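Structural description and commentary
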Amino acid sequence: LFEFEFQIYKEVVSAINKNVKVPCTGCRYCMPCPRNVDIPGCFRAWNTYYAYQNYNVVKWNWEDLGDAHQAKNCIGCGRCEESCPQKISIREDLKQVQSDLDNRALELNK
């Protein structure tokens, strides 16, 4: 690539990465969760929310996971983190996912 094209490429990658909360690729190595948390689904919803900054865009995705598969069911066993090739702090990030998306849902329903 020419230097100019490479610079544009770097700027696009940087702009995309600014709105990615967690670098989950959806590989599912973290699954199955013993508490049935859909870890990649939770992270996909979180990343989508931050990409668009609009809860309505992710509402169906988050709420369709259902209570049984949301992050709030994580018991912190750490099994998922042992298998994660991205070395994501899954347990901590799941707490933030639940908090952020629940707060956005509450704001929307006021």
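Our subject is the structure that appears above.
No experiment lies behind these values; they were computed from the predicted model shown.

1. Comments concerning the overall build of the protein chain
Secondary structure assignment for the protein chain yields 5 helices and 0 strands. Seen in sequence order, the protein chain has helices and strands lined up from the N terminus as α-α-α-α-α. By its C-alpha atoms, the protein chain is 50 × 40 × 20 Å across when sized along the principal axes. Residue burial in the protein chain is summarised as follows: out of 110 residues, 32% are buried. Taking contacts inside the protein chain between residues at least 6 apart in sequence as the whole, the part at least 24 apart equals 64%. Averaging the locations of the 14 positively and 14 negatively charged side chains of the protein chain gives two centres separated by 4 Å.

2. Points about the nonpolar core
Judged by nonpolar contacts, the single largest core of 24 residues is most densely connected at Ile39, Phe43, Ile90 and Leu101. The element contributing the most residues to this core is helix α2 (residues 39-52), with 7 residues.

3. Side note on the environment of Cys74
Turning to its location among the elements, Cys74 is positioned in the loop between α3 (55-65) and α4 (79-83). What makes Cys74 partly exposed here is its relative accessible area of 27%. Between the alpha carbons of Cys74 and Lys87 there is a distance of 17 Å; along the sequence they are 13 residues apart. With residues near it in sequence (within four places) discarded, Cys74 still touches Val37, Arg91 and Leu94.

4. Examining the pattern of salt bridges
Within the structure shown, the criterion is met by 5 salt bridges. The partner of Lys72 in a salt bridge is Asp67, and the shortest N-O contact between them spans 3.0 Å. By relative accessible area, which is 43% here, Lys72 ends up partly exposed. In this structure, Arg91 and Glu81 form a salt bridge, with 2.9 Å as the shortest nitrogen-oxygen distance. Pair noted here: Arg91 is in helix α5 (residues 90-108) and Glu81 is in helix α4, with a separation of 10 residues, a long-range link. Accessibility expressed as a relative area gives 31% for Arg91, which makes it partly exposed.

About the cut-offs
Residues numbered from 1 in each chain as written. Predicted model: local features only at pLDDT ≥ 70, side-chain atom pairs only at ≥ 80, totals over all residues. Heavy atoms only, no water. Helix = DSSP H or I, 4+ residues; strand = E, 2+ residues; numbered from the N terminus. Buried < 20%, exposed > 50% of the residue type's maximum accessible area, 1.4 Å probe, protein only. Contact = heavy atoms within 4.5 Å. Lys, Arg positive; Asp, Glu negative; His and termini not counted. Charge placed at Lys NZ, Arg CZ, Asp CG, Glu CD. Core = buried A, V, L, I, M, F, W, Y, C linked by side-chain atoms within 4.5 Å. Salt bridge = Lys/Arg side-chain N within 4 Å of Asp/Glu carboxyl O.

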